[in-house]
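What follows is the residue order along each chain.
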Amino acid sequence: MTATQGSNGSYLNDAWRVKVGLAEMLKGGVIMDVTNAEQARIAEDAGACAVMALERVPSDIRKEGGVARMAAPKIIREIMDTVSIPVMAKVRIGHFAEAAVLEALEVDFIDESEVLTPADEENHVWKHDFKVPFVCGARNLGEALRRIAEGAAMIRTKGEAGSGNVVEAVRHMRTITGEMRRLTTLRGDELMHVAKEMGAPLDLVREIARTGKLPVPNFSAGGIATPADAALVRHLGAESVFVGSGIFKSSDPEARAKAIVKATTHYQDAKVVLEASEVLGEAMKGLDIRQIEEKDLLQTRGW
Amino acid sequence: MEKLPKVGILAVQGDFEAHAATLARLGVEHVFVRTPRDLEGVDAMILPGGESTTQWKFLVEEGLDRSLREFAARGGAIFGTCAGAILLAREVHHPDQASLGLADITVIRNAYGRQLASEVRSGLTSLSPEPIEMVFIRAPIIDRMGPNVEVLATSQGQPVLVRQGRTLIATFHPELTSDTTVHEYFLRIASGKLDSADKVLARD
């Protein structure tokens, strides 16, 4: 018996294991952004394994600007009353008071998200203080391990939310999995230097070097708009996918939601991904990442 | 050495890899089942944790609901954990949903509450003298059991591990612990070593 069991993460306490346990249950599924109970119902009927409640989908946040905050508790409660699958909701980076409100509301998972306007430019929420599990975004392994050290029970790639462009999600997933592969090839006496360079805790760096994988589930988010996008990130190592604007900003949300769910499970079978793709109308209009000004990028929020 | 049963794990959504890891620790091979074709040659099936609503949609869409009922009718052994228990139940409430109906039980989904009610407990089972860890995640409660259902463990006054013939049901997640007691018991059911309500372990 080893002290850890892959992503089961029994190396910390029971509270941690229960948090990672729920993340384990969401594997192989699709988590969909919804802004009201009606959308939540559509997502559940399409086979979503969880929904993410937020005020506006990322592409609208991008378009409309202003400060993006935690969704109104009334809307979140309506969503919780409507569906039987887990309900997640987003808080601003570092906004532990919003997180406490969501915990009091008894949401199942909190996303400390760069999609909302950060509340703290230095500190993320100390997630060990909460009983409800957290998911956080990451662009590279160092960022993922810092969030896990703070108590995140699930990591997702940041990608570039609201862009409808999968390129950043691909970049971040390849970066994280590539860095993990590299760690497994290093000598033990080289890991302190890596930990210093990455700005990540040594114990987690050593664990990745040994196991080759994160101690929590690793999902993908930020730009997934089609069944083939979902299949792509699954092939690259994503254990589940988050779809934000991609569904309810398309011309056919119900069919697209179903198709992405199907492609996520059967990503290894191109014929099924084809079938899922064939029934669809127009995907959301995407953005070329190079046309987005540096100041408008969401992925650079948080560290 | 005798032939080990070929174990299939339903892999449409959920923690199927955790079950695979548990079987690997026991030196037992598995196949992931996503379509009826994948069931060929499988002697024992595991229905993992996850979201039962999502899993059920896949079962119906792929025709796996019918295949699994046929599999059980042929005498195949089935083990369901949490969402898997919900899929196996005859009746499901909170909310009502369709299921395979292979075990004569009624379950209530998310009966302890939302994620904040999830917890790790320790509990005795009739499988071994030592208590085992029981990880409950948004767990269901078994509200009613038919006469052929045998209780193998209770926790907080509720049955949490039950068996009906070659069907084994846990409302918790033995696959999320390092303890392999429950999986070993299931493998013995699958190998035909526990024909009836055996409570004594036939150690190999």
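Residues numbered from 1 in each chain as written. Chains lettered and ligands numbered in written order. Predicted model: local features only at pLDDT ≥ 70, side-chain atom pairs only at ≥ 80, totals over all residues. Heavy atoms only, no water.

Trainee: Hey, could you go over the overall build of chain A for me, with residue numbers and the actual values?
Mentor: Helix and strand counts for chain A come out as 13 helices and 8 strands. In terms of C-alpha radius of gyration, chain A reaches 18 Å, essentially the compact-globule figure of 19 Å for 303 residues. Viewed in the frame of its principal axes, chain A has a C-alpha envelope of about 55 × 45 × 40 Å. Counting only residues that meet the buried cut, chain A has 62% of its 303 residues in that class. Across chain A, the fraction of contacts at a sequence separation of at least 24, relative to all contacts at a separation of at least 6, is 66%. (Helix = DSSP H or I, 4+ residues; strand = E, 2+ residues; numbered from the N terminus. Rg over C-alpha atoms; globule rule 2.2 N^0.38 Å. Buried < 20%, exposed > 50% of the residue type's maximum accessible area, 1.4 Å probe, protein only. Contact = heavy atoms within 4.5 Å.)

Trainee: Requested: an account of the overall build of chain B, with residues and values cited.
Mentor: Regarding its fold elements, chain B presents 5 helices and 12 strands. Here the C-alpha atoms of chain B give a radius of gyration of 15 Å, agreeing with the 17 Å that 2.2 N^0.38 yields for 204 residues. Counting over 204 residues, chain B shows a buried share of 60%. In chain B, of all internal contacts separated by at least 6 residues, the share reaching a separation of at least 24 is 61%.

Trainee: Which residues make up the nonpolar core, and what are the values?
Mentor: A:M32, A:I76, A:L102, A:V107, B:M45, B:L47 and B:L100 are the most contacted members of the largest nonpolar core, which has 75 residues in total. In this structure, A:A153, A:L191, A:M198 and A:I208 belong to the second largest nonpolar core, which totals 46 residues. (Core = buried A, V, L, I, M, F, W, Y, C linked by side-chain atoms within 4.5 Å.)

Trainee: Give me the lowdown on the side chain of B:Q13, citing residues and values where you can.
Mentor: When you line up the elements, B:Q13 lands in the loop between β1 (7-10) and α1 (16-25). Residue classification places B:Q13 among the buried residues on the basis of a relative accessible area of 0%. From its side chain, B:Q13 meets the backbone oxygen of A:M25 in a polar contact 2.7 Å long. If near-sequence neighbours (up to four positions away) are discounted, B:Q13 is found in contact with A:M25, A:L26, A:K27, A:G28, A:G29, A:C49, B:P48, B:G49, B:G50, B:E51, B:T54 and B:Q55. (Polar contact = N/O pair within 3.5 Å; in protein donor to acceptor, adjacent residues only side chain to side chain.)

Trainee: Just give me the short version of the sheet that holds strand β5 (residues 134-138) of chain A, but keep the residues and values in it.
Mentor: All names here are of chain A. Pairing within the open sheet is parallel, and its 8 strands lie in the order β7-β6-β5-β4-β3-β2-β1-β8. Each of the sheet's edge strands pairs with one partner strand only, and the pair in question is β7 (218-219) and β8 (241-243). Bridge count for β5 against strand β6 (residues 154-157) is 4 bridges, and the pairing is parallel. Considered in β6, the bridge of C136 is made with I155. Sitting on the sheet, helix α4 (residues 73-82) touches β1 (30-34), β2 (50-53) and β3 (87-92), and the angle it makes with β3 is about 160 degrees. (Pairing = 2+ DSSP bridges. Axes fitted to C-alpha atoms, helices over the stretch in contact; angles between N-to-C directions.)

Trainee: Summarise the interface of chain A and chain B; cite the residues concerned and give the values.
Mentor: Taken together, the contact between chain A and chain B spans 38 residues of the former and 37 residues of the latter. Both faces combined, the contact of chain A with chain B buries some 3100 Å², and carbon together with sulfur accounts for 54% of it. Summed over the shared surface of chain A and chain B, the result is 4 salt bridges. The partner of B:R114 in a salt bridge is A:D108, and the shortest N-O contact between them spans 2.7 Å. Within the residue set of the side of chain A that touches chain B, elements represented by two or more residues are α1 (14-25), α2 (37-46) and α12 (253-265) of chain A. The element that contributes the greatest number of residues to the side of chain A that touches chain B is α1(A), accounting for 8 residues. Taken together, the residues of the side of chain A that touches chain B break down into 15 nonpolar, 10 polar and 13 charged. (Buried area = accessible area lost by both parts, 1.4 Å probe. Salt bridge = Lys/Arg side-chain N within 4 Å of Asp/Glu carboxyl O. Nonpolar A, V, L, I, M, F, W, Y, C, P; charged D, E, K, R; others polar.)

Trainee: Give a detailed account of the confidence of the model for chain A, specifying residues and quantitative values.
Mentor: Counting all residues, the mean pLDDT for chain A is 93, and 96% of those residues have values of 70 or more. Under a pLDDT of 50 for its full length, residues 1-11 of chain A has, in the predicted model, 34 contacts with residues more than four places off or in other chains. (pLDDT = per-residue confidence, 0-100.)

Trainee: Tell me what's going on with the pattern of salt bridges, and back it up with residues and numbers.
Mentor: All names here are of chain A. Enumeration according to the criterion identifies 33 salt bridges over all chains in this entry. Notably, a salt bridge pairs K90 with D111, separated by 2.8 Å at the nearest N-O pair. Of the two residues, K90 is situated in strand β3 and D111 in strand β4 (residues 109-113); the sequence distance between them amounts to 21 residues. The exposure class assigned to K90 is buried, which follows from its relative accessible area of 6%. For D111, a relative accessible area of 0% corresponds to the buried category.

Trainee: Please give an account of the sheet that holds strand β6 (residues 103-108) of chain B that cites residues and values.
Mentor: Residue and element names in this part refer to chain B. Here we have 3 strands laid out as an open sheet, ordered β5-β6-β9, and mixed in their pairing. Here the strands that pair on one side only, and so sit at the sheet edges, are β5 (89-93) and β9 (141-145). Each neighbouring strand pair of the sheet contributes to a mean axis angle of 25 degrees, computed without reference to strand direction. Strand direction decides the pairing type here: β6 and β9, joined by 4 bridges, are antiparallel. In the strand pairing of β9, I108 is matched with I141.

Trainee: How would you summarise α2(A) if you had to cite specific residues and measurements?
Mentor: Of all 10 residues in α2(A), 7 are buried; the element is thus mostly enclosed. Among the residues making up α2(A), those that are buried are A:A37, A:Q39, A:A40, A:I42, A:A43, A:E44 and A:A46. Residues of α2(A) that are buried in the fold lie against β1, β2, α4, α11 (245-248) and α12 of chain A together with α2 (52-62) of chain B.

Trainee: Which residues make up unusual backbone geometry, and what values go with them?
Mentor: Residue and element names in this part refer to chain B. Following H94, the chain continues to P95 via a peptide bond in cis, the omega torsion being -10 degrees. Relative to the helices and strands, P95 resides in the loop between β5 and β6. Backbone geometry places H94, a non-glycine residue, at a positive phi of 65 degrees.

Trainee: Quick one: what's the story with the packing of helix α8 (residues 191-198) of chain A against helix α9 (residues 202-211) of chain A, residue by residue and with numbers?
Mentor: All names here are of chain A. The interhelical angle for the contact between α8 and α9, taken along N-to-C directions, is 120 degrees, at an axis separation of 9 Å. The angle between α8 and α9 falls in the class oblique. α9 is crossed by α8, and the crossing has right-handed handedness. Judged by residue contacts, L191, M192, V194 and A195 of α8 engage L202, V205, R206 and A209 from α9. Residues belonging to the contact of α8 with α9 are distributed by class as follows: 7 nonpolar, no polar and 1 charged. (Parallel < 35°, antiparallel > 145°, perpendicular 65-115°, else oblique. Left-handed = near helix turned anticlockwise from the far one by under 90°.)

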